[in-house]
Amino acid sequence: MSMQNFAPLMFAGLIFIMLIGFPVAFSLSALGLLCGFIAIEAGWFPAAFMANLPLNVFGILSNDTLLAIPFFTLMGTILEKCGLAEDMLDSMGQLFGPVRGGLGYSVIIVGFILGAVTGTVAGQVIAMAMISLPVMMRYGYNMRYATGVLAASGTITQLVPPSLVLVVLADQLGRSVGDMYKGAWGPSILQVLIFALYTFLLTRFRPSYLPGVPAEARTLNGWALWAKCLRGIIPSAILIFAVLGTMGGLPGINTAIATPTEAGAMGAVGALILAAIHRRLTWALIKEAMTGTMRITAMVVFILIGSRVFSLVFQGVDGGIWIEHMLSNLPGGQIGFLIVVNIFIFFLAFFLDFFEIAFIILPMLGPVAEKMGINMIWFGVLLCVNMQTSFMHPPFGFALFYLRGIADTLFKEGGIPRKVESRDIYLGAIPFVLLQLVLVVIVIFVPQTVTIFLDKEVKIDVDKVQIDMPAQEAGGNGTDDQKMVDDLFKDAAKSDAAAGGGKAAPGVANDLPPVRDPAADLMPAAPASATK
(Lines give C-alpha, C1' and ligand atoms only; values in the text may rest on other atoms or scores of the structure.)
Protein backbone atom coordinates (compact mmCIF):
# COMPACT_ATOMS: atom_id res chain seq x y z
CA MET A 1 0.00 0.00 0.00
CA SER A 2 1.29 3.49 -0.83
CA MET A 3 1.17 6.48 1.49
CA GLN A 4 -1.12 8.31 -0.97
CA ASN A 5 -3.81 5.65 -0.42
CA PHE A 6 -3.36 5.52 3.36
CA ALA A 7 -4.70 9.04 4.04
CA PRO A 8 -8.16 8.30 2.51
CA LEU A 9 -8.31 5.07 4.56
CA MET A 10 -7.52 7.02 7.73
CA PHE A 11 -10.32 9.48 6.93
CA ALA A 12 -12.78 6.63 6.30
CA GLY A 13 -11.73 5.08 9.61
CA LEU A 14 -12.33 8.44 11.29
CA ILE A 15 -15.90 8.60 10.01
CA PHE A 16 -16.54 4.99 11.03
CA ILE A 17 -15.36 5.31 14.65
CA MET A 18 -17.32 8.53 15.08
CA LEU A 19 -20.51 6.77 13.98
CA ILE A 20 -20.23 3.65 16.15
CA GLY A 21 -21.02 5.56 19.32
CA PHE A 22 -17.87 4.83 21.35
CA PRO A 23 -16.47 7.90 23.19
CA VAL A 24 -14.74 9.81 20.42
CA ALA A 25 -11.84 11.09 22.53
CA PHE A 26 -10.54 7.58 23.23
CA SER A 27 -11.40 6.06 19.84
CA LEU A 28 -9.59 8.90 18.07
CA SER A 29 -6.46 8.37 20.15
CA ALA A 30 -6.54 4.63 19.47
CA LEU A 31 -7.00 5.13 15.72
CA GLY A 32 -4.23 7.72 15.59
CA LEU A 33 -1.73 5.54 17.47
CA LEU A 34 -2.58 2.44 15.40
CA CYS A 35 -2.12 4.34 12.14
CA GLY A 36 1.08 5.84 13.50
CA PHE A 37 2.58 2.38 14.17
CA ILE A 38 1.56 1.26 10.65
CA ALA A 39 3.18 4.35 9.11
CA ILE A 40 6.42 3.80 11.05
CA GLU A 41 6.59 0.14 10.00
CA ALA A 42 5.93 1.13 6.38
CA GLY A 43 8.71 3.72 6.56
CA TRP A 44 6.48 6.70 5.73
CA PHE A 45 7.91 8.70 8.64
CA PRO A 46 10.49 7.89 11.35
CA ALA A 47 9.59 6.92 14.90
CA ALA A 48 11.09 10.23 16.08
CA PHE A 49 8.16 11.98 14.36
CA MET A 50 5.84 10.77 17.15
CA ALA A 51 8.02 12.62 19.67
CA ASN A 52 6.07 15.74 18.63
CA LEU A 53 2.97 14.33 20.32
CA PRO A 54 3.87 15.31 23.94
CA LEU A 55 4.72 18.82 22.74
CA ASN A 56 1.32 19.08 21.04
CA VAL A 57 -0.50 17.90 24.16
CA PHE A 58 1.41 20.39 26.30
CA GLY A 59 0.48 23.10 23.80
CA ILE A 60 -3.20 22.26 24.29
CA LEU A 61 -2.99 22.46 28.07
CA SER A 62 -1.08 25.77 27.96
CA ASN A 63 -3.50 27.44 25.52
CA ASP A 64 -4.75 30.66 27.12
CA THR A 65 -7.70 31.03 24.74
CA LEU A 66 -9.20 27.67 25.72
CA LEU A 67 -8.99 28.72 29.36
CA ALA A 68 -12.02 30.92 28.64
CA ILE A 69 -14.21 27.81 28.18
CA PRO A 70 -14.57 26.90 31.89
CA PHE A 71 -15.27 30.53 32.81
CA PHE A 72 -18.04 30.97 30.21
CA THR A 73 -19.43 27.55 31.11
CA LEU A 74 -19.55 28.46 34.80
CA MET A 75 -21.24 31.76 33.97
CA GLY A 76 -23.91 30.05 31.88
CA THR A 77 -24.52 27.26 34.39
CA ILE A 78 -25.09 29.75 37.22
CA LEU A 79 -27.37 31.98 35.16
CA GLU A 80 -29.56 29.12 33.96
CA LYS A 81 -30.33 28.24 37.59
CA CYS A 82 -30.69 31.72 39.10
CA GLY A 83 -34.28 32.39 37.95
CA LEU A 84 -33.40 34.91 35.23
CA ALA A 85 -35.08 32.85 32.48
CA GLU A 86 -38.27 32.34 34.48
CA ASP A 87 -38.65 36.04 35.30
CA MET A 88 -37.99 37.17 31.72
CA LEU A 89 -40.33 34.61 30.15
CA ASP A 90 -43.13 35.49 32.56
CA SER A 91 -42.81 39.24 31.98
CA MET A 92 -42.30 39.00 28.20
CA GLY A 93 -45.15 36.52 27.88
CA GLN A 94 -47.52 38.95 29.59
CA LEU A 95 -46.20 41.85 27.52
CA PHE A 96 -46.60 40.19 24.09
CA GLY A 97 -49.27 37.63 25.03
CA PRO A 98 -52.40 39.48 23.81
CA VAL A 99 -50.88 39.75 20.30
CA ARG A 100 -51.40 36.79 17.93
CA GLY A 101 -48.28 34.69 18.24
CA GLY A 102 -47.20 36.80 21.23
CA LEU A 103 -45.98 33.83 23.24
CA GLY A 104 -43.90 32.74 20.24
CA TYR A 105 -42.36 36.21 19.92
CA SER A 106 -41.56 36.26 23.63
CA VAL A 107 -39.84 32.85 23.47
CA ILE A 108 -37.72 33.98 20.49
CA ILE A 109 -36.68 37.28 22.13
CA VAL A 110 -35.95 35.71 25.51
CA GLY A 111 -34.01 32.93 23.77
CA PHE A 112 -31.84 35.56 22.08
CA ILE A 113 -31.22 37.50 25.31
CA LEU A 114 -30.50 34.38 27.34
CA GLY A 115 -28.20 33.14 24.59
CA ALA A 116 -26.10 36.27 25.06
CA VAL A 117 -25.68 35.67 28.79
CA THR A 118 -25.85 31.92 29.38
CA GLY A 119 -24.36 30.19 26.35
CA THR A 120 -25.83 26.76 27.21
CA VAL A 121 -28.51 25.02 25.12
CA ALA A 122 -29.64 22.44 27.67
CA GLY A 123 -30.47 24.86 30.46
CA GLN A 124 -32.12 27.31 28.10
CA VAL A 125 -34.41 24.75 26.44
CA ILE A 126 -35.38 23.23 29.78
CA ALA A 127 -36.06 26.60 31.44
CA MET A 128 -38.16 27.93 28.56
CA ALA A 129 -40.11 24.69 28.18
CA MET A 130 -40.87 24.57 31.91
CA ILE A 131 -42.42 28.05 31.80
CA SER A 132 -43.84 28.48 28.30
CA LEU A 133 -45.02 25.01 27.22
CA PRO A 134 -47.86 24.81 29.80
CA VAL A 135 -48.99 28.35 28.90
CA MET A 136 -48.93 27.64 25.17
CA MET A 137 -50.95 24.46 25.62
CA ARG A 138 -53.41 26.21 27.92
CA TYR A 139 -54.26 28.86 25.30
CA GLY A 140 -54.45 26.49 22.32
CA TYR A 141 -51.14 26.97 20.51
CA ASN A 142 -50.37 24.43 17.80
CA MET A 143 -48.29 21.70 19.47
CA ARG A 144 -45.79 21.35 16.62
CA TYR A 145 -45.14 25.09 16.51
CA ALA A 146 -44.80 25.26 20.30
CA THR A 147 -42.25 22.47 20.52
CA GLY A 148 -40.37 23.71 17.45
CA VAL A 149 -40.03 27.31 18.59
CA LEU A 150 -38.93 26.26 22.08
CA ALA A 151 -36.19 23.98 20.74
CA ALA A 152 -35.05 26.42 18.03
CA SER A 153 -34.90 29.41 20.36
CA GLY A 154 -32.67 27.40 22.66
CA THR A 155 -30.23 26.59 19.87
CA ILE A 156 -29.74 30.30 19.07
CA THR A 157 -27.41 30.13 22.05
CA GLN A 158 -24.79 28.42 19.86
CA LEU A 159 -24.61 31.43 17.54
CA VAL A 160 -25.08 34.40 19.87
CA PRO A 161 -21.88 35.64 21.59
CA PRO A 162 -20.40 34.64 24.00
CA SER A 163 -20.98 31.19 22.53
CA LEU A 164 -18.50 28.45 23.44
CA VAL A 165 -18.60 27.28 19.82
CA LEU A 166 -17.23 30.64 18.66
CA VAL A 167 -14.39 30.47 21.21
CA VAL A 168 -13.40 27.02 19.93
CA LEU A 169 -13.68 28.10 16.27
CA ALA A 170 -11.53 31.17 16.89
CA ASP A 171 -8.87 29.01 18.52
CA GLN A 172 -8.87 26.38 15.77
CA LEU A 173 -8.78 28.97 12.97
CA GLY A 174 -6.15 31.12 14.66
CA ARG A 175 -8.31 34.25 14.81
CA SER A 176 -9.30 36.70 17.53
CA VAL A 177 -12.25 35.68 19.71
CA GLY A 178 -13.43 39.30 19.69
CA ASP A 179 -13.51 39.38 15.88
CA MET A 180 -15.36 36.06 15.79
CA TYR A 181 -17.95 37.49 18.19
CA LYS A 182 -18.36 40.63 16.07
CA GLY A 183 -18.87 38.55 12.96
CA ALA A 184 -21.58 36.45 14.64
CA TRP A 185 -23.84 39.38 15.54
CA GLY A 186 -25.19 39.82 12.01
CA PRO A 187 -26.30 36.18 11.52
CA SER A 188 -27.63 36.09 15.12
CA ILE A 189 -29.93 39.03 14.50
CA LEU A 190 -30.94 37.61 11.13
CA GLN A 191 -31.82 34.29 12.77
CA VAL A 192 -34.14 36.03 15.24
CA LEU A 193 -35.79 38.01 12.44
CA ILE A 194 -36.30 34.87 10.32
CA PHE A 195 -37.96 33.05 13.24
CA ALA A 196 -40.13 36.11 13.97
CA LEU A 197 -41.10 36.41 10.28
CA TYR A 198 -42.12 32.75 10.21
CA THR A 199 -44.25 33.32 13.31
CA PHE A 200 -45.85 36.39 11.73
CA LEU A 201 -46.69 34.50 8.53
CA LEU A 202 -48.29 31.71 10.54
CA THR A 203 -50.51 34.23 12.33
CA ARG A 204 -51.72 35.42 8.92
CA PHE A 205 -52.17 32.09 7.13
CA ARG A 206 -52.94 29.84 10.14
CA PRO A 207 -54.38 32.22 12.78
CA SER A 208 -55.84 29.32 14.78
CA TYR A 209 -52.32 27.95 15.36
CA LEU A 210 -51.17 30.98 17.38
CA PRO A 211 -54.06 32.64 19.23
CA GLY A 212 -53.61 35.68 21.43
CA VAL A 213 -53.74 35.38 25.20
CA PRO A 214 -56.79 37.10 26.74
CA ALA A 215 -55.89 40.44 28.29
CA GLU A 216 -57.61 39.45 31.55
CA ALA A 217 -55.09 36.61 31.91
CA ARG A 218 -52.42 39.15 32.77
CA THR A 219 -51.37 39.35 36.41
CA LEU A 220 -49.46 42.59 35.82
CA ASN A 221 -50.30 45.73 33.86
CA GLY A 222 -48.87 49.16 33.18
CA TRP A 223 -45.67 50.25 34.86
CA ALA A 224 -45.50 47.15 37.07
CA LEU A 225 -45.27 44.94 33.96
CA TRP A 226 -42.63 47.14 32.32
CA ALA A 227 -40.64 47.28 35.54
CA LYS A 228 -40.53 43.49 35.72
CA CYS A 229 -39.38 43.31 32.09
CA LEU A 230 -36.63 45.86 32.73
CA ARG A 231 -35.47 44.03 35.86
CA GLY A 232 -34.53 41.12 33.63
CA ILE A 233 -33.27 43.05 30.60
CA ILE A 234 -31.10 45.73 32.23
CA PRO A 235 -28.89 43.41 34.35
CA SER A 236 -28.50 41.13 31.31
CA ALA A 237 -27.50 44.07 29.11
CA ILE A 238 -24.93 45.23 31.67
CA LEU A 239 -23.43 41.76 31.88
CA ILE A 240 -23.32 41.45 28.07
CA PHE A 241 -21.56 44.81 27.76
CA ALA A 242 -19.11 44.00 30.56
CA VAL A 243 -18.14 40.63 29.08
CA LEU A 244 -18.24 41.30 25.33
CA GLY A 245 -17.39 44.99 25.38
CA THR A 246 -14.15 44.57 27.31
CA MET A 247 -12.84 41.99 24.84
CA GLY A 248 -13.87 43.94 21.73
CA GLY A 249 -16.71 41.59 20.88
CA LEU A 250 -19.42 44.22 20.32
CA PRO A 251 -19.96 46.18 17.07
CA GLY A 252 -18.35 49.61 17.22
CA ILE A 253 -15.81 48.67 19.89
CA ASN A 254 -12.41 48.35 18.26
CA THR A 255 -10.22 48.17 21.35
CA ALA A 256 -10.05 45.20 23.70
CA ILE A 257 -8.99 45.89 27.27
CA ALA A 258 -9.36 42.26 28.42
CA THR A 259 -8.48 38.85 27.04
CA PRO A 260 -11.24 36.26 26.52
CA THR A 261 -10.10 34.52 29.70
CA GLU A 262 -10.33 37.73 31.74
CA ALA A 263 -13.72 38.58 30.21
CA GLY A 264 -14.99 35.08 31.04
CA ALA A 265 -13.82 35.42 34.64
CA MET A 266 -15.60 38.77 34.87
CA GLY A 267 -18.74 37.14 33.46
CA ALA A 268 -18.61 34.39 36.09
CA VAL A 269 -18.43 37.03 38.83
CA GLY A 270 -21.32 38.90 37.20
CA ALA A 271 -23.37 35.70 37.13
CA LEU A 272 -22.81 35.24 40.86
CA ILE A 273 -23.99 38.82 41.44
CA LEU A 274 -27.14 38.26 39.34
CA ALA A 275 -27.86 35.04 41.23
CA ALA A 276 -27.53 36.96 44.51
CA ILE A 277 -29.89 39.67 43.23
CA HIS A 278 -32.49 37.00 42.43
CA ARG A 279 -31.86 35.43 45.86
CA ARG A 280 -30.86 32.10 44.33
CA LEU A 281 -27.17 32.10 45.30
CA THR A 282 -26.70 29.02 47.47
CA TRP A 283 -23.89 26.55 48.11
CA ALA A 284 -25.90 23.87 46.35
CA LEU A 285 -26.15 26.03 43.21
CA ILE A 286 -22.40 26.79 43.25
CA LYS A 287 -21.51 23.12 43.74
CA GLU A 288 -23.80 22.02 40.91
CA ALA A 289 -22.44 24.72 38.59
CA MET A 290 -18.84 23.81 39.33
CA THR A 291 -19.53 20.10 38.78
CA GLY A 292 -21.10 20.78 35.39
CA THR A 293 -18.21 23.08 34.44
CA MET A 294 -15.67 20.43 35.42
CA ARG A 295 -17.38 17.78 33.27
CA ILE A 296 -17.59 19.96 30.16
CA THR A 297 -13.99 21.17 30.53
CA ALA A 298 -12.66 17.64 30.96
CA MET A 299 -14.64 16.48 27.93
CA VAL A 300 -13.23 19.30 25.80
CA VAL A 301 -9.63 18.60 26.85
CA PHE A 302 -9.87 14.86 26.17
CA ILE A 303 -11.47 15.44 22.75
CA LEU A 304 -8.69 17.89 21.94
CA ILE A 305 -5.98 15.40 22.93
CA GLY A 306 -7.58 12.61 20.89
CA SER A 307 -7.99 14.84 17.83
CA ARG A 308 -4.38 16.02 18.13
CA VAL A 309 -3.12 12.40 18.13
CA PHE A 310 -5.10 11.66 14.99
CA SER A 311 -4.23 14.90 13.18
CA LEU A 312 -0.50 14.50 13.88
CA VAL A 313 -0.40 11.11 12.15
CA PHE A 314 -2.80 12.28 9.43
CA GLN A 315 -0.51 15.18 8.56
CA GLY A 316 2.49 12.85 8.72
CA VAL A 317 1.10 10.74 5.88
CA ASP A 318 0.28 13.87 3.84
CA GLY A 319 -3.42 13.77 4.65
CA GLY A 320 -3.58 17.55 4.59
CA ILE A 321 -2.29 17.59 1.00
CA TRP A 322 -4.89 14.98 0.01
CA ILE A 323 -7.71 17.06 1.55
CA GLU A 324 -6.41 20.21 -0.13
CA HIS A 325 -6.22 18.63 -3.58
CA MET A 326 -9.66 17.09 -3.22
CA LEU A 327 -11.44 20.28 -2.10
CA SER A 328 -9.52 22.97 -3.96
CA ASN A 329 -10.36 21.40 -7.34
CA LEU A 330 -14.11 21.55 -6.80
CA PRO A 331 -16.12 23.47 -9.43
CA GLY A 332 -17.41 26.89 -8.44
CA GLY A 333 -14.34 28.22 -6.64
CA GLN A 334 -14.97 29.57 -3.15
CA ILE A 335 -18.77 29.21 -3.35
CA GLY A 336 -18.52 25.61 -4.57
CA PHE A 337 -16.11 24.79 -1.76
CA LEU A 338 -18.38 26.36 0.87
CA ILE A 339 -21.48 24.55 -0.43
CA VAL A 340 -19.78 21.13 -0.38
CA VAL A 341 -18.26 21.72 3.07
CA ASN A 342 -21.58 22.84 4.56
CA ILE A 343 -23.45 19.85 3.12
CA PHE A 344 -20.79 17.58 4.63
CA ILE A 345 -20.98 19.33 8.03
CA PHE A 346 -24.79 19.26 8.00
CA PHE A 347 -24.98 15.48 7.60
CA LEU A 348 -22.07 14.89 9.96
CA ALA A 349 -23.92 16.90 12.61
CA PHE A 350 -26.65 14.24 12.65
CA PHE A 351 -24.28 12.07 14.66
CA LEU A 352 -21.58 14.32 16.13
CA ASP A 353 -21.48 17.05 18.74
CA PHE A 354 -20.25 20.50 17.70
CA PHE A 355 -17.10 20.09 19.84
CA GLU A 356 -16.16 16.95 17.92
CA ILE A 357 -16.74 18.63 14.57
CA ALA A 358 -14.75 21.73 15.56
CA PHE A 359 -11.76 19.83 16.96
CA ILE A 360 -11.59 17.00 14.43
CA ILE A 361 -12.93 18.20 11.07
CA LEU A 362 -12.13 21.92 11.18
CA PRO A 363 -8.30 21.54 11.34
CA MET A 364 -8.54 19.69 8.02
CA LEU A 365 -10.75 22.30 6.33
CA GLY A 366 -9.27 25.53 7.73
CA PRO A 367 -5.94 25.50 5.83
CA VAL A 368 -7.71 24.78 2.53
CA ALA A 369 -10.15 27.65 3.06
CA GLU A 370 -7.31 30.04 3.91
CA LYS A 371 -5.32 29.08 0.79
CA MET A 372 -8.42 29.74 -1.31
CA GLY A 373 -8.54 33.32 0.02
CA ILE A 374 -11.68 32.88 2.14
CA ASN A 375 -12.09 35.26 5.08
CA MET A 376 -11.58 33.00 8.08
CA ILE A 377 -14.03 34.90 10.29
CA TRP A 378 -16.69 34.46 7.61
CA PHE A 379 -15.78 30.77 7.30
CA GLY A 380 -15.92 30.19 11.08
CA VAL A 381 -19.25 31.97 11.60
CA LEU A 382 -20.73 30.14 8.62
CA LEU A 383 -19.81 26.77 10.12
CA CYS A 384 -21.24 27.91 13.48
CA VAL A 385 -24.55 28.76 11.78
CA ASN A 386 -24.54 25.29 10.23
CA MET A 387 -23.56 23.46 13.41
CA GLN A 388 -26.45 24.89 15.42
CA THR A 389 -28.68 22.58 13.38
CA SER A 390 -26.98 19.64 15.12
CA PHE A 391 -29.23 20.29 18.13
CA MET A 392 -32.37 20.21 15.96
CA HIS A 393 -31.81 17.22 13.66
CA PRO A 394 -34.50 14.56 14.04
CA PRO A 395 -34.07 12.06 15.54
CA PHE A 396 -30.71 12.72 17.28
CA GLY A 397 -30.93 16.45 18.11
CA PHE A 398 -30.02 17.08 21.73
CA ALA A 399 -32.50 19.96 22.03
CA LEU A 400 -35.28 17.54 21.05
CA PHE A 401 -34.14 15.09 23.73
CA TYR A 402 -34.16 17.86 26.35
CA LEU A 403 -37.65 18.90 25.26
CA ARG A 404 -38.85 15.28 25.26
CA GLY A 405 -37.61 14.81 28.82
CA ILE A 406 -39.09 18.01 30.25
CA ALA A 407 -42.44 17.42 28.50
CA ASP A 408 -42.71 13.96 30.10
CA THR A 409 -41.83 15.42 33.50
CA LEU A 410 -44.47 18.14 33.17
CA PHE A 411 -47.12 15.58 32.18
CA LYS A 412 -46.32 13.28 35.12
CA GLU A 413 -46.46 16.22 37.55
CA GLY A 414 -49.73 17.54 36.09
CA GLY A 415 -48.19 20.68 34.60
CA ILE A 416 -49.67 20.02 31.15
CA PRO A 417 -53.08 18.48 30.39
CA ARG A 418 -51.91 15.83 27.90
CA LYS A 419 -48.78 14.02 26.83
CA VAL A 420 -46.62 15.54 24.10
CA GLU A 421 -46.04 13.00 21.34
CA SER A 422 -42.58 12.43 19.91
CA ARG A 423 -44.09 12.82 16.45
CA ASP A 424 -45.11 16.41 17.26
CA ILE A 425 -41.62 17.23 18.56
CA TYR A 426 -39.82 15.88 15.48
CA LEU A 427 -42.24 17.31 12.91
CA GLY A 428 -42.25 20.63 14.74
CA ALA A 429 -38.45 20.84 14.47
CA ILE A 430 -38.32 20.38 10.68
CA PRO A 431 -39.57 23.91 9.68
CA PHE A 432 -37.04 25.53 12.01
CA VAL A 433 -34.19 23.38 10.67
CA LEU A 434 -35.15 24.58 7.19
CA LEU A 435 -35.14 28.18 8.44
CA GLN A 436 -31.65 27.66 9.86
CA LEU A 437 -30.53 26.31 6.47
CA VAL A 438 -31.99 29.42 4.83
CA LEU A 439 -29.65 31.43 7.04
CA VAL A 440 -26.72 29.23 5.95
CA VAL A 441 -27.52 30.03 2.29
CA ILE A 442 -27.79 33.75 3.06
CA VAL A 443 -24.41 33.81 4.82
CA ILE A 444 -22.76 31.90 1.93
CA PHE A 445 -23.96 34.26 -0.78
CA VAL A 446 -23.98 37.48 1.30
CA PRO A 447 -20.73 37.48 3.31
CA GLN A 448 -21.44 41.08 4.34
CA THR A 449 -23.84 39.67 6.94
CA VAL A 450 -20.67 38.62 8.81
CA THR A 451 -18.12 41.22 7.77
CA ILE A 452 -20.33 44.30 8.25
CA PHE A 453 -19.41 44.62 11.93
CA LEU A 454 -15.74 43.72 11.54
CA ASP A 455 -12.98 46.32 11.57
CA LYS A 456 -12.18 47.41 8.04
CA GLU A 457 -9.03 45.74 6.75
CA VAL A 458 -6.36 48.27 5.83
CA LYS A 459 -4.75 47.39 2.48
CA ILE A 460 -1.39 48.98 1.68
CA ASP A 461 -0.12 49.33 -1.89
CA VAL A 462 3.65 49.11 -1.55
CA ASP A 463 4.10 50.73 -4.97
CA LYS A 464 2.50 53.93 -3.69
CA VAL A 465 4.33 54.17 -0.38
CA GLN A 466 6.02 57.58 -0.01
CA ILE A 467 8.46 58.34 2.77
CA ASP A 468 8.71 62.03 3.76
CA MET A 469 11.83 63.22 5.54
CA PRO A 470 11.32 65.27 8.70
CA ALA A 471 11.00 68.99 8.09
CA GLN A 472 13.91 71.30 9.04
CA GLU A 473 13.59 73.53 12.05
CA ALA A 474 12.24 76.99 11.58
CA GLY A 475 14.80 79.36 10.06
CA GLY A 476 16.95 76.49 8.78
CA ASN A 477 17.61 75.40 5.25
CA GLY A 478 18.98 72.05 4.13
CA THR A 479 21.07 73.58 1.29
CA ASP A 480 22.60 76.20 3.57
CA ASP A 481 23.47 73.55 6.17
CA GLN A 482 25.27 71.45 3.56
CA LYS A 483 27.19 74.54 2.27
CA MET A 484 28.25 75.32 5.82
CA VAL A 485 29.62 71.78 6.29
CA ASP A 486 31.54 72.00 2.99
CA ASP A 487 33.10 75.31 4.05
CA LEU A 488 34.25 73.81 7.34
CA PHE A 489 35.98 70.94 5.49
CA LYS A 490 37.73 73.41 3.14
CA ASP A 491 38.96 75.61 6.02
CA ALA A 492 40.31 72.57 7.86
CA ALA A 493 42.09 71.37 4.72
CA LYS A 494 43.71 74.76 4.17
CA SER A 495 44.88 74.94 7.79
CA ASP A 496 46.45 71.46 7.62
CA ALA A 497 48.14 72.28 4.34
CA ALA A 498 49.60 75.51 5.71
CA ALA A 499 50.82 73.78 8.89
CA GLY A 500 52.39 70.81 7.07
CA GLY A 501 53.69 72.67 4.03
CA GLY A 502 51.88 70.32 1.75
CA LYS A 503 49.13 70.83 -0.71
CA ALA A 504 45.73 69.51 0.13
CA ALA A 505 43.10 68.47 -2.34
CA PRO A 506 40.15 70.88 -2.47
CA GLY A 507 37.68 70.08 0.25
CA VAL A 508 39.66 67.09 1.62
CA ALA A 509 41.86 67.16 4.71
CA ASN A 510 45.35 65.69 4.48
CA ASP A 511 44.88 63.50 7.57
CA LEU A 512 41.89 61.63 6.12
CA PRO A 513 42.67 57.98 5.24
CA PRO A 514 42.93 57.18 1.55
CA VAL A 515 39.92 55.64 -0.12
CA ARG A 516 40.47 51.93 -0.67
CA ASP A 517 39.12 50.15 -3.71
CA PRO A 518 37.17 47.04 -2.53
CA ALA A 519 38.00 45.26 -5.78
CA ALA A 520 41.70 45.42 -4.94
CA ASP A 521 41.12 43.03 -2.03
CA LEU A 522 39.84 40.39 -4.43
CA MET A 523 42.84 40.56 -6.81
CA PRO A 524 45.99 38.47 -6.17
CA ALA A 525 49.11 40.33 -5.07
CA ALA A 526 51.50 41.28 -7.88
CA PRO A 527 54.92 39.52 -7.98
CA ALA A 528 57.77 41.46 -6.40
CA SER A 529 59.63 41.68 -9.73
CA ALA A 530 56.70 43.40 -11.31
CA THR A 531 56.87 46.27 -8.87
CA LYS A 532 60.51 47.09 -9.53
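Everything here concerns the structure above.
A few points on the structure. Nothing here was measured: the structure is a model prediction, and the numbers come from that model.

1. Considerations on the overall build of the chain
So, point 1. A tally of regular secondary structure across the chain gives 21 helices and zero strands.
So, point 2. Contacts in the chain between residues at least 24 apart in sequence constitute 78% of all its contacts with a sequence separation of at least 6.
So, point 3. Summed over all atoms, the accessible surface of the chain reaches about 26300 Å², with 66% contributed by carbon and sulfur.

2. So, helix H4 (residues 68–79)
So, point 1. In a regular helix each residue adds 1.5 Å, so 12 residues correspond to 16 Å; H4 covers 17 Å between its end C-alpha atoms and thus fits that length.
So, point 2. Across the 12 residues that make up H4, a large majority, 10, are buried.
So, point 3. Listed in full, the buried residues belonging to H4 are Ala68, Ile69, Phe72, Thr73, Leu74, Met75, Gly76, Thr77, Ile78 and Leu79.

3. Observations concerning a nonpolar patch on the surface
So, point 1. Residues Ile339, Ile343, Phe347, Val441, Phe445 and Val446 make up a contiguous nonpolar surface patch of roughly 540 Å² in combined accessible area.
So, point 2. Those elements giving two or more residues to the nonpolar patch turn out to be helix H15 (333–348) and helix H19 (422–445).
So, point 3. The dominant element in the nonpolar patch, judged by the number of residues it contributes, is H15, at three residues.
So, point 4. Tracing the backbone shows Phe445 in helix H19.

4. With respect to the nonpolar core
Across soluble globular proteins, you tend to see nonpolar side chains buried next to one another.
So, point 1. By size, the foremost hydrophobic cluster in this structure holds 149 residues, and its most contacted members are Leu14, Phe72, Phe337, Ile361 and Phe379.
So, point 2. The dominant element in this core, judged by the number of residues it contributes, is helix H16 (residues 354–371), at 12 residues.
So, point 3. In this view, Leu14 contacts Leu28, Leu31, Phe310, Ile360, Ile361 and Met364; residues no more than four positions away in its chain are not counted.

5. Considering the environment of Pro235
So, point 1. By the element assignment, Pro235 lies in helix H11 (residues 222–246).
So, point 2. As a C-alpha pair, Pro235 and Gly270 span 35 residues in sequence and 9.3 Å in three-dimensional space.
So, point 3. With near-sequence residues (within four places) excluded, Pro235 lies in contact with Leu230 and Leu274.

6. Let's talk about the packing of aromatic side chains
Between two aromatic rings, the relevant description is the distance of the centres plus the angle of the planes.
So, point 1. Inspection of the entire model under this criterion finds 14 aromatic pairs.
So, point 2. Considering the side-chain rings of Tyr145 and Tyr198, the 6.5 Å spacing of their centres and the 35° angle between planes classify their relative orientation as tilted. Separated by 53 residues along the polypeptide, Tyr145 in helix H8 (residues 143–155) and Tyr198 in helix H10 (residues 177–205) bring together distant segments of the chain.
So, point 3. Tyr145 sits in the buried class, given a relative accessible area of 3%.
So, point 4. With relative accessibility at 23%, the residue Tyr198 sits in the partly exposed group.

7. Observations concerning the side chain of Thr199
So, point 1. With respect to the element layout, Thr199 can be found in helix H10.
So, point 2. For Thr199, a relative accessible area of 0% corresponds to the buried category.
So, point 3. Within the structure, Thr199 has its side chain in polar contact with the backbone oxygen of Phe195 (distance 3.0 Å).
So, point 4. For Thr199, the contacting residues outside a window of four places in its chain are Gly101, Tyr105, Ile108, Tyr145 and Leu210.

8. Some remarks on the packing of helix H6 (residues 102–115) against helix H7 (residues 121–138)
When two helices pack together, their arrangement is captured by the angle between the axes and the distance separating the axes.
So, point 1. Where H6 meets H7, the axes come as close as 11 Å, and the angle between the chain directions of the two elements is 165°. In terms of orientation, H6 and H7 fall into the roughly antiparallel class. Relative to H7, the crossing made by H6 is right-handed. For the pair H6 and H7, contact is made by Leu103, Gly104, Val107, Gly111, Leu114 and Gly115 and by Gln124, Met128, Ser132, Val135 and Met136, respectively.
So, point 2. Looking at side-chain class alone, the contact of H6 with H7 contains six nonpolar, five polar and no charged residues.

9. Remarks on the environment of His278
So, point 1. Relative to the elements of secondary structure, His278 occurs in the loop between helix H12 (260–277) and helix H13 (283–316).
So, point 2. On the basis of relative accessible area, His278 is assigned to the buried category, the value being 18%.
So, point 3. C-alpha of His278 to C-alpha of Gly232: the two residues are 46 residues apart in sequence and 9.9 Å apart in space.

Conventions and cut-offs
Residues numbered from 1 in each chain as written. Predicted model: local features only at pLDDT ≥ 70, side-chain atom pairs only at ≥ 80, totals over all residues. Heavy atoms only, no water. Helix = DSSP H or I, 4+ residues; strand = E, 2+ residues; numbered from the N terminus. Contact = heavy atoms within 4.5 Å. Areas by Shrake-Rupley, 256 points an atom, 1.4 Å probe, with all protein chains shown as cover. Expected span 1.5 Å × (residues − 1). Buried < 20%, exposed > 50% of the residue type's maximum accessible area, 1.4 Å probe, protein only. Patch = residues over 30% accessible without salt bridge, like charges linked within 9 Å, V, L, I, M, F, W, Y side chains within 5 Å. Salt bridge = Lys/Arg side-chain N within 4 Å of Asp/Glu carboxyl O. Core = buried A, V, L, I, M, F, W, Y, C linked by side-chain atoms within 4.5 Å. Phe/Tyr/Trp six-rings, centres within 6.5 Å; stacked < 30°, edge-to-face > 60°. Polar contact = N/O pair within 3.5 Å; in protein donor to acceptor, adjacent residues only side chain to side chain. Axes fitted to C-alpha atoms, helices over the stretch in contact; angles between N-to-C directions. Parallel < 35°, antiparallel > 145°, perpendicular 65-115°, else oblique. Left-handed = near helix turned anticlockwise from the far one by under 90°. Nonpolar A, V, L, I, M, F, W, Y, C, P; charged D, E, K, R; others polar.

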